[in-house]
Amino acid sequence: MLELENIHFTIQKGKEDIHLLEKVDLRVPTGHFMAIVGPSGCGKSTLLKLIAGLNQESEGSIHWNGRNLSEEGDLECSEIGYVPQFSIAYEELTVEENIESTVRLRAKTENRKEFEDLVDGILNSTGLDALRDRPVKVLSGGQKRRLSLALELSTDPVLLLCDEVTSGLDPKSEQDIVALMHELSRNEHRIVVNVTHSLANLDLYDSVLVLDAGRVVYHGPPRALEHYFSVSKAEDVYPQLSKRDKNAWADSWSKHRDAYYENLPAKNTGDPNVSVSAVTPSAAAQFFALFFRRWKIFFRDWGGLMLQASILLGFPFLVIVFELGGVEQTMRLADAAPGTKAAMEAEQEAITFNLNLGGVVSGLVMFQVILLTLMGSNNSSREIAGERQIFEKEKLGGVRPLVYLSSKLAFLSVLVIIQSLWMAIFVQSICKLPLESFLPHIIMLLLVNGAMTSICLGISSMAKTADQASLLSIYLVGFQLPLSGAVLALPDWAGWLTRPFISAYWSWAGSMDGMEKNYLRWIKEVTDTWLGPMWLCMLVLLAHVAIGLFIAYVGVKRPRWEH
Ligand SMILES: Nc1ncnc2c1ncn2[C@@H]1O[C@H](COP(=O)(O)OP(=O)(O)OP(=O)(O)O)[C@@H](O)[C@H]1O
Ligand SMILES: [Mg+2]
């Protein structure tokens, strides 16, 4: 039995209190299928999120089989299935792969057979068996909703909460999905709640709850709805609601409420601890499920893959075309007898030549660095934001944010390592940068790519949408070159103000510090920018990586539901 007692939900806007739900009392026995209906904005989703534990009630209490959820803790994540309006599954994966992935993340199974049986059972009970090998992107709207429901069945939840899963469907598909939810509710330990705009297909529900501006104005059998609201068909209930104040409707309902609830099964039936397969898989199991799924999606997404490949191979080419013959030796000065005109001319020529070489070396490295920052932002800016709604639901289903972030880190590290090593080795083999030793340069390139990847991952975890994250990340890359000081020296004060934030500067400066001394002199002449020592550059870049990851962690912990 699910019971809500005197629930209020109030939010603050400025100084004003806005009451989104007031005095909500209701009781639903197990094995029951309930609809929550009401005009747009009346608080249906808010109520559903309260029951799911996504919103915290301001007043009142919620009980599950006699257990006070407000005091004794929410239901386990495996006990609740929450199906939001928009179907959220990986488009590149097949129906079966999506279900398998959810089972791996949310339900612990003992062996392969148990795992396969569970997946088959879910496919069968939701009528998706014939579509198991179909990629999600080609499914119809109704089939996608079916899949959304299927994904929630991996833990055999006691409470299945669906928000507008039928909206936008044609009447036949709507009917099919309502019938499926009805079937799923024919189970003595489960309650299925469906929020819907639609007043069609109400017959299949055991009860209908009507909300009007945050108040319950009816809860009872669908067949009594028309009589109660004095209308000839259910569709006329909304216009009827607008004829009286919500409190007047709520007062009328309070007079009938007790009679309805008295006929329900006795209070507190059901075992409060009837938790079914309520064991969330270990962190390691979740990590590998997420990590391998990410690679699978990576290789399925042809557009993305081609972009990665062309960036990986193409960008180093962009660098080497500037110095196909390799960096030349610096010219020695003042070999001729001093004072003669010829000697002065020779010296001038050598200076010009060396300055030019300094510019070339600095430019080549800066180009490597900038292209790696671009790769970094391309690696991660959409990584979390692009799948935020799926992640939110998986988090609700028991996926640990830290494990999720670790799987991203492992995936992105592979990209960063391949991109940076290839950039360093390819460019070095052609251009022969005058490095005292190759390793520090590699580390600088790894770190700048790592720093930008991790900062853009942070942005991705905070952004509202993937497009917003991409845009911010591209701006960040755009600022790297002008503010690095490698092309034009900034005024001193501006340099010190911006430098701490510019990863490209530190990577470039660190690499410059590792150049042969006879080149470094000319690089300094030509760039006129303060060059930090290599150890400091490494430290700052490591700090950028750490800050990015910290932001990403805060971002993934924070709930971010769209609907
Ligand atoms: N976090 C919030 N901050 C401010 N207002 C909110 C918040 N959440 C919900 N609301 C407001 O509360 C009201 C109820 O929202 P809710 O999403 O529950 O409506 P709904 O009945 O589900 O509507 P719809 O049928 O359009 O989905 C709306 O007016 C909405 O703008
Ligand atoms: Mg809603």
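Residues numbered from 1 in each chain as written. Chains lettered and ligands numbered in written order. Predicted model: local features only at pLDDT ≥ 70, side-chain atom pairs only at ≥ 80, totals over all residues.

Participant: Got a sec to walk through the sheet that holds strand 1 (residues 2-13)? Specific residues and values, please.
Facilitator: Across the sheet, four strands lie side by side as 2-1-4-5; this open sheet has antiparallel pairing. With one partner strand each, in any of the chains shown, strand 2 (16-28) and strand 5 (67-68) form the two edges of the open sheet. Note that strand 1 and strand 4 (residues 59-64) share five bridges and pair antiparallel. Bridging from a neighbouring strand, Leu-2 pairs with Trp-64 of strand 4. Strands strand 1, strand 2 and strand 4 of the sheet are contacted by helix 1 (residues 44-52), whose axis makes an angle of about 65° with strand 2. (Pairing = 2+ DSSP bridges. Helix = DSSP H or I, 4+ residues; strand = E, 2+ residues; numbered from the N terminus. Contact = placed C-beta atoms within 7 Å. Axes fitted to C-alpha atoms, helices over the stretch in contact; angles between N-to-C directions.)

Participant: For the pairing of strand 7 (residues 159-163), give the residues involved together with the corresponding values.
Facilitator: With five of five residues buried, strand 7 lies mostly within the body of the structure. Here strand 7 shows two buried faces, one formed by Leu-159, Leu-161 and Asp-163 and the other by Leu-160 and Cys-162. Note: strand 6 (residues 80-83) against strand 7, four bridges, orientation parallel. Note on strand 7: the bridge partner recorded for Gly-81 is Leu-160. Bridging between strand 7 and strand 8 (residues 191-195) involves five bridges; their strand directions are parallel. Bridge pairing in strand 8 places Leu-161 opposite Val-193. Crossover handedness for the path strand 7 to helix 6 (residues 171-185) to strand 8: right-handed. (Buried ≥ 20, exposed ≤ 12 C-beta atoms within 10 Å, placed from the backbone. Right-handed = clockwise from strand over helix to strand, strands pointing away.)

Participant: Give a description of the site of ligand 1 that names residues and reports values.
Facilitator: Around ligand 1 sit Ile-11, Leu-20, Gly-38, Ser-40, Gly-41, Cys-42, Gly-43, Lys-44, Ser-45, Thr-46 and His-197, and that is every residue in its neighbourhood. If one sorts the elements of the shell around ligand 1 by residue count, helix 1 sits on top with three residues. Residue composition of the shell around ligand 1, grouped by class: three nonpolar, seven polar and one charged. (Near = placed C-beta within 6 Å. Nonpolar A, V, L, I, M, F, W, Y, C, P; charged D, E, K, R; others polar.)

Participant: Give me the lowdown on the environment of Ala-52, citing residues and values where you can.
Facilitator: Position of Ala-52 among the secondary structure elements: in helix 1. Sequence separation between Ala-52 and Glu-5 is 47 residues, and the spatial gap between their C-alpha atoms is 15 Å. Here Ala-52 is in contact with Ile-80, Tyr-82 and Leu-161, once residues within four sequence places are set aside.

Participant: Give me the sheet that holds strand 10 (residues 215-220): which residues, what numbers.
Facilitator: Strand order in this open sheet of six strands is 6-7-8-3-9-10, and the pairing throughout is mixed. Edge strands, defined here as strands with exactly one partner in the open sheet, are strand 6 and strand 10. Across the sheet, the axes of successive neighbouring strands diverge by a mean angle of 15°, strand direction being ignored. Along the sheet, helix 6 contacts strand 3 (32-37), strand 7 and strand 8; its crossing angle with strand 8, the most-contacted strand, is approximately 155°.

Participant: An account of the pairing of strand 2 is requested, with residue identities and associated values reported.
Facilitator: In terms of strand pairing, strand 1 meets strand 2 through nine bridges, oriented antiparallel. Following the sheet pairing, Lys-13 is matched in strand 2 by Glu-16. Linking strand 1 to strand 2, which pair antiparallel, is a turn of two residues; within it Gly-14 sits at a positive phi near 65°.

Participant: So, the packing of helix 16 (residues 466-484) against helix 18 (residues 503-513): which residues are in play, and what are the values?
Facilitator: Packing of helix 16 against helix 18 brings their axes to within 8 Å, and their N-to-C directions diverge by 50°. The angle between helix 16 and helix 18 falls in the class oblique. Contacts between helix 16 and helix 18 involve Gln-480, Leu-481 and Ser-484 on the former and, on the latter, Ser-503, Ala-504, Tyr-505 and Trp-508. (Parallel < 35°, antiparallel > 145°, perpendicular 65-115°, else oblique.)

Participant: Can you lay out the nonpolar core for me, pointing to particular residues and giving the numbers?
Facilitator: Ile-36, Leu-161, Val-193 and Leu-209 are the most contacted members of the largest nonpolar core, which totals 81 residues. Among the domains, domain 1 (1-74 + 160-179 + 189-276) and domain 2 (76-157) are the pair contributing at least three residues each to this core. Apart from residues no more than four positions distant in its own chain, Leu-209 is found in contact with Leu-26, Met-34, Ala-35, Ile-36, Val-216 and His-219. Membership of the second largest hydrophobic core comes to 70 residues, among which are Leu-357, Leu-372, Cys-537 and Val-540. (Core = buried A, V, L, I, M, F, W, Y, C linked by C-beta atoms within 7 Å. Domains from an automatic or database assignment.)

Participant: Describe unusual backbone geometry, naming the residues involved and giving the relevant values.
Facilitator: One non-glycine residue, Lys-23, lies in positive phi territory at about 45°. Its place among the elements puts Lys-23 in strand 2. Even without a glycine there, the phi angle at Glu-164 is positive, about 55°. In this fold, Glu-164 is placed in the loop between strand 7 and helix 6.

Participant: Describe the packing of helix 10 (residues 283-300) against helix 14 (residues 401-431), with residues and values.
Facilitator: In the contact formed by helix 10 and helix 14, the axes pass within 9 Å of each other and the chain directions differ by 45°. One finds that helix 10 runs oblique with respect to helix 14. In this structure, helix 10 crosses over helix 14, and the sense of that crossing is right-handed. In this structure, helix 10 uses Ala-283, Gln-286, Phe-287, Leu-290, Phe-291 and Arg-294 to contact helix 14, whose residues at the interface are Val-403, Tyr-404, Ser-406, Ser-407, Ala-410 and Phe-411. Grouping the amino acids of the contact of helix 10 with helix 14 by side-chain chemistry returns eight nonpolar, three polar and one charged. (Left-handed = near helix turned anticlockwise from the far one by under 90°.)

Participant: Explain the domain arrangement of the chain to me, using residue names and the numbers behind them.
Facilitator: Taken as a whole, the chain is organised into domain 1 (1-74 + 160-179 + 189-276), domain 2 (76-157) and domain 3 (287-323 + 361-557). Inter-centroid distance (C-alpha atoms) of domain 2 to domain 3 is 36 Å. Between domain 2 and domain 3, the residue contacts involve 13 residues of the former and 14 residues of the latter. A breakdown of the residues in the side of domain 2 that touches domain 3 according to their chemical character gives eight nonpolar, two polar and three charged.

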